[in-house]
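Inside the fold
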Amino acid sequence: FVIKIAKTSKLYRDRFNIILGVFIITSIWEAYHIVQNEAVDQSIIGFVACGIFLYLYAVRYVPSVLLDEMKRTVLGTISDGILFFDEERNCIYANGAARLMLGMGLKETASGFEKLLALTGEDREQSAVYDSKAMTCSKIEDGGEYIYDVEFHKLHDMQGKRIGSFAKIIDTTERTKRENMNRFLATHDKLTGIYNVDRFFEEVRNVLKDNPDKDFVVVASDIKEFKLVNDRYGREFADKLLIRIA
């Protein structure tokens, strides 16, 4: 137990300290009764009391504390924002990611629900209607746009009574920008930014379909011997020329 106490974390150390202390106390208790040499051995009373204490502390209390500590550690390190609210929608917990996304103080939780409403653009009455909801919202901060997916769920006990709610905020800014860029590159020329052939044909078909009684003219142009521009002025100049023409 001494080795375990020296090597383990504080939470486990408290547990082993208590168990070691109980062992010492029961040893002293037993030694006392041996020295007294009483007709009736009453040391069993102390053993029972210490056994009950060990069970309540080491078997029931410490694992629940350990679980709570693990929850706080995990929730504190994940990149998604997590907030918990009681049945009156008072914020009782907000991890670091949620405080950063909502602009809350280092240990601030009281304004969590109002900050969440400000992000989603809803009011308190709207938020009280639904049991769960998912939405996408954005905010402008420091000259940049941030995009978030927000999930809100009410929590109920085994009897179906509401005990509170929680919200999860996922920062999808980079993912959304990447998806938008991929969609853009799928339909546009990478160098010039104008429609590629497939998108151009699609747009022409749409225009003709929407205007069946109109006549249109398609003008096609080409730069003859453009390779000479590449050879004479270089690739960088040729690319700039193509962009300018586009």
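Okay, so let's go over this structure. Small disclaimer: the values here were computed from a predicted structure and weren't measured.

1. Structural notes on the overall build of the chain
Along the backbone of the chain there are ten helices and five strands. A compact globule built from 246 residues would reach a C-alpha radius of gyration of about 18 Å, whereas the chain, at 34 Å, exceeds it by more than 25%. In terms of its C-alpha atoms, the chain occupies a principal-axis envelope of roughly 120 × 50 × 30 Å. Evaluated residue by residue, the chain yields a buried proportion of 25% over its 246 residues. Across the chain, every contact between residues at least 6 apart in sequence was considered, and the portion connecting residues at least 24 apart equals 35%.

2. Structural notes on the environment of Glu145
Along the polypeptide, Glu145 turns up in strand S4 (residues 144-156). Ignoring sequence-local partners within four residues, the contact set of Glu145 consists of Ser138, Lys139, Ile140, Thr173 and Lys177.

3. Some points on the packing of helix H9 (residues 226-233) against helix H10 (residues 235-245)
Interaxial distance between H9 and H10 falls to 7 Å at its minimum, and their mutual angle equals 135 degrees. As the angle between them shows, H9 and H10 are arranged oblique. Along its contact with H9, which presents Phe226, Val229, Asn230 and Tyr233, the element H10 presents Arg235, Phe237, Ala238, Leu241 and Leu242.

4. Describing a nonpolar patch on the surface
Residues Ile44, Ile45, Phe47, Val48, Ile52, Tyr55, Leu56 and Val59 make up a contiguous nonpolar surface patch of about 750 Å² in total accessible area. Assignment of secondary structure puts Ile45 in helix H3 (residues 43-77). Among the residues examined, Ile45 registers a relative accessible area of 55% and is labelled exposed.

5. Concerning the environment of Thr136
On the secondary structure map, Thr136 appears in strand S3 (residues 132-141). Residue classification places Thr136 among the exposed positions, given a relative accessible area of 59%. C-alpha of Thr136 to C-alpha of Ile147: the two residues are eleven residues apart in sequence and 7.3 Å apart in space. Setting aside residues up to four positions removed in sequence, Thr136 forms contacts with Ile147, Tyr148 and Asp149. In this structure the side chain of Thr136 is engaged in a polar contact, spanning 2.9 Å, whose partner is the side chain of Asp149.

6. Considering the sheet that holds S4
Pairing is antiparallel across the open sheet formed by five strands, whose spatial order is S2-S1-S5-S4-S3. Looking at strand neighbours, the two that pair on one side only are strand S2 (91-94) and S3, the edges of this open sheet. Pairwise comparison of adjacent strand axes, ignoring direction, gives a mean angle of 20 degrees for this sheet. Direction of pairing for S4 relative to strand S5 (residues 162-171): antiparallel, over a ladder of nine bridges. Bridged to Asp149 within S5 is Ile170. Across the sheet, helix H5 (residues 112-120) lies against strand S1 (81-85), S2, S3, S4 and S5, angled at about 125 degrees from S4, the strand it touches most. Most of the contacts of helix H7 (residues 173-187) go to S4, to which it runs at about 120 degrees, and overall it touches S4 and S5.

Parameters and conventions
Residues numbered from 1 in each chain as written. Predicted model: local features only at pLDDT ≥ 70, side-chain atom pairs only at ≥ 80, totals over all residues. Heavy atoms only, no water. Helix = DSSP H or I, 4+ residues; strand = E, 2+ residues; numbered from the N terminus. Rg over C-alpha atoms; globule rule 2.2 N^0.38 Å. Buried < 20%, exposed > 50% of the residue type's maximum accessible area, 1.4 Å probe, protein only. Contact = heavy atoms within 4.5 Å. Axes fitted to C-alpha atoms, helices over the stretch in contact; angles between N-to-C directions. Parallel < 35°, antiparallel > 145°, perpendicular 65-115°, else oblique. Patch = residues over 30% accessible without salt bridge, like charges linked within 9 Å, V, L, I, M, F, W, Y side chains within 5 Å. Areas by Shrake-Rupley, 256 points an atom, 1.4 Å probe, with all protein chains shown as cover. Salt bridge = Lys/Arg side-chain N within 4 Å of Asp/Glu carboxyl O. Polar contact = N/O pair within 3.5 Å; in protein donor to acceptor, adjacent residues only side chain to side chain. Pairing = 2+ DSSP bridges.

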